[in-house]
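Coordinate inspection notes
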Amino acid sequence: MKHQTCKKYVIAIATCLVVIMGIVYYYFFSSFSVKSETSYIYIDQDDSIDSVYNKLKPIANGHSFFAFRTLVRHFDYAKHIRTGRYAITKGEGALTLFRHLRNGQQTPVDLTIPSAVRTLGDLSYDISKKLMLDEEQLYDSLTNEQLCRQYGYDTTTIACMFIPNTYDIYWDISIPKFLDRMQKESKKFWNFERRKKAEAMGFTPIQVITLASIVDSETNNDAEKPMIAGLYYNRLKVRNAKYPDGMPLQSDPTIKFAWKRFDLKRIYNNLLYIHSPYNTYKNPGLPPGPICIPSVAGIDAVLNYVHHDYLYMCAKEDFSGTHNFARTYAEHMKNAAKYTKALNERGIK
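Residues numbered from 1 in each chain as written. Predicted model: local features only at pLDDT ≥ 70, side-chain atom pairs only at ≥ 80, totals over all residues. Heavy atoms only, no water.

Under an unreviewed UniProt entry, the chain has the name Endolytic murein transglycosylase and belongs to Segatella cerevisiae. The UniProt entry for the chain carries this comment under Subcellular location (unreviewed entry): "Cell membrane". (UniProt positions renumbered as here; feature names shortened; annotations may be inferred.)

Structure representation (structure tokens):
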């Protein structure tokens with residue numbers, strides 16, 4: 001009889017333990033999210049525990065949300081909220097999520113630095129949309145001469161530090177750490193092979209990127225970019241009685257940049273007299289810095305430019321985005337006449 005009584009107690013205790021474990025699992029370990037796909041919450045420096053709750057509630061199971069709030073009360077999370085971008089995956093329980101938020105175990109952002117960004121203002125805007133960086137503060141940093149010098153640039157060349165690519169970066173990264181990361185990625189990009197090619201041209205990486213920004217602005221056709229790079233390189237190397245300092249690049253995209261009128265379809269003569277270091281019709285040599293962030297294809301096109309003897313080019317009259325190349329000015333004028341005729345026929349002004 002005594003043995004049977006003990007057995008009943010054991011069964012009762014085991015049943016209670018199973019029930020308790022089931023309750024604990026249900027509240028703390030079953031899936032927190034009601035969604036089938038991974039969700040993300042962003043916690044910034046202005047968030048309070050109430051705003052964290054408001055961000056979690058739309059994606060939370062009721063019982064898991066209750067468990068999360070219980071953990072917050074017992075571990076005083078409200079006083080130790082950490083910023084970041086946090087992933088909430090299907091199947092992840094309230095306890096796991098709480099640990100991630102409490103310990104700052106966030107998920108990086110895939111930050112893409114795009115090519116063709118024309119100004120530091122545009123760059124600051126694009127980056128601030130994807131990271132917890134203030135757009136105005138980032139712009140102030142990029143236009144701070146002293147800060148730019150710390151990274152080996154000035155305010156006209158700092159854009160050269162940003163190599164178009166996709167990077168894993170924590171959403172709440174600070175501006176100094178972000179700039180340090182971009183400098184590290186730039187140094188990695190400028191490996192031994194690329195630096196040797198630049199040196200063989202007599203160029204620094206900044207000069208390569210500056211020329212690449214012009215090449216990229218002339219065409220979207222990657223296959224033609226080494227040809228255009230070769231043409232501009234030829235112009236830079238010209239030294240004669242007419243051009244003792246080198247033949248001007250005479251690049252229309254630099255005129256657009258000088259005027260900050262990027263929507264221009266045609267460059268008329270009256271636009272060529274702007275007083276600007278970016279006016280490559282008046283000033284020989286490269287402009288003081290890039291006119292956009294060039295693509296990797298554009299940078300490598302300069303480093304692997306085609307060796308030829310062309311000095312002139314004009315957009316093709318078929319509007320294919322490619323160019324007719326010429327060795328002489330007379331030949332170039334014939335190509336220019338064909339293109340002008342095509343513009344006029346289409347009413348492009």
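Structure shown, so let's carry the discussion forward.
Put simply, helix H9 (residues 192-201) and helix H13 (residues 296-303) touch, their axes get as near as 9 Å, and they point 50 degrees apart. The orientation of H9 relative to H13 falls into the category oblique. Between H9 and H13, the residues in contact are Arg 194, Lys 197, Ala 198 and Met 201 and Val 296, Asp 300, Val 302 and Leu 303, respectively. Its residues assigned to classes, the contact of H9 with H13 shows five nonpolar, no polar and three charged. (Axes fitted to C-alpha atoms, helices over the stretch in contact; angles between N-to-C directions. Helix = DSSP H or I, 4+ residues; strand = E, 2+ residues; numbered from the N terminus. Parallel < 35°, antiparallel > 145°, perpendicular 65-115°, else oblique. Contact = heavy atoms within 4.5 Å. Nonpolar A, V, L, I, M, F, W, Y, C, P; charged D, E, K, R; others polar.)

Right, let's talk about a negative patch on the surface for a bit. Where like charges cluster on the molecular surface, the negative patch consists of Asp 134, Glu 135, Glu 136 and Asp 140. With respect to the secondary-structure elements, Asp 140 resides in helix H6 (residues 135-142). Asp 140 gets classed as partly exposed once you look at its relative accessible area, which sits at 41%. (Patch = residues over 30% accessible without salt bridge, like charges linked within 9 Å, V, L, I, M, F, W, Y side chains within 5 Å. Areas by Shrake-Rupley, 256 points an atom, 1.4 Å probe, with all protein chains shown as cover. Salt bridge = Lys/Arg side-chain N within 4 Å of Asp/Glu carboxyl O. Lys, Arg positive; Asp, Glu negative; His and termini not counted. Charge placed at Lys NZ, Arg CZ, Asp CG, Glu CD. Buried < 20%, exposed > 50% of the residue type's maximum accessible area, 1.4 Å probe, protein only.)

Pairing is possible between side chains that carry opposite charge, provided their charged atoms lie close to one another. Enumeration according to the criterion identifies 10 salt bridges in this entry. Lys 197 is the salt-bridge partner of Glu 193, the closest N and O atoms lying 3.5 Å from each other. Taken together, the positions of Glu 193 and Lys 197, both in helix H9 and four residues apart, correspond to about one turn of that helix. The shortest N-O distance in the salt bridge between Asp 309 and Arg 327 comes to 2.8 Å. Remark: Arg 327 occurs in the loop between strand E6 (323-326) and helix H14 (329-346) and Asp 309 occurs in the loop between H13 and strand E5 (312-315); sequence separation between them is 18 residues. Asp 309 sits in the partly exposed class, given a relative accessible area of 45%. Take Arg 327: its relative accessible area is 42%, and that puts it in the partly exposed class. Here the residues in one salt-bridge network are Arg 181, Glu 185 and Lys 188, joined through shared partners.

Along the chain, Lys 79 turns up in the loop between helix H3 (62-75) and strand E2 (84-88). Separated by 30 residues in sequence, Lys 79 and Ile 49 place their C-alpha atoms 8.4 Å apart.

What follows deals with the UniProt feature "site: Important for catalytic activity" (unreviewed entry) in the chain. Here, the residues flagged by UniProt with the feature "site: Important for catalytic activity" (unreviewed entry) are Glu 218. Looking at where Glu 218 falls in the secondary structure, it is placed in helix H10 (residues 205-218). Apart from the residues within four sequence positions on either side, Glu 218 is in contact with Ile 228, Tyr 232, Ser 251, Asp 252, Pro 253, Met 313 and His 323.

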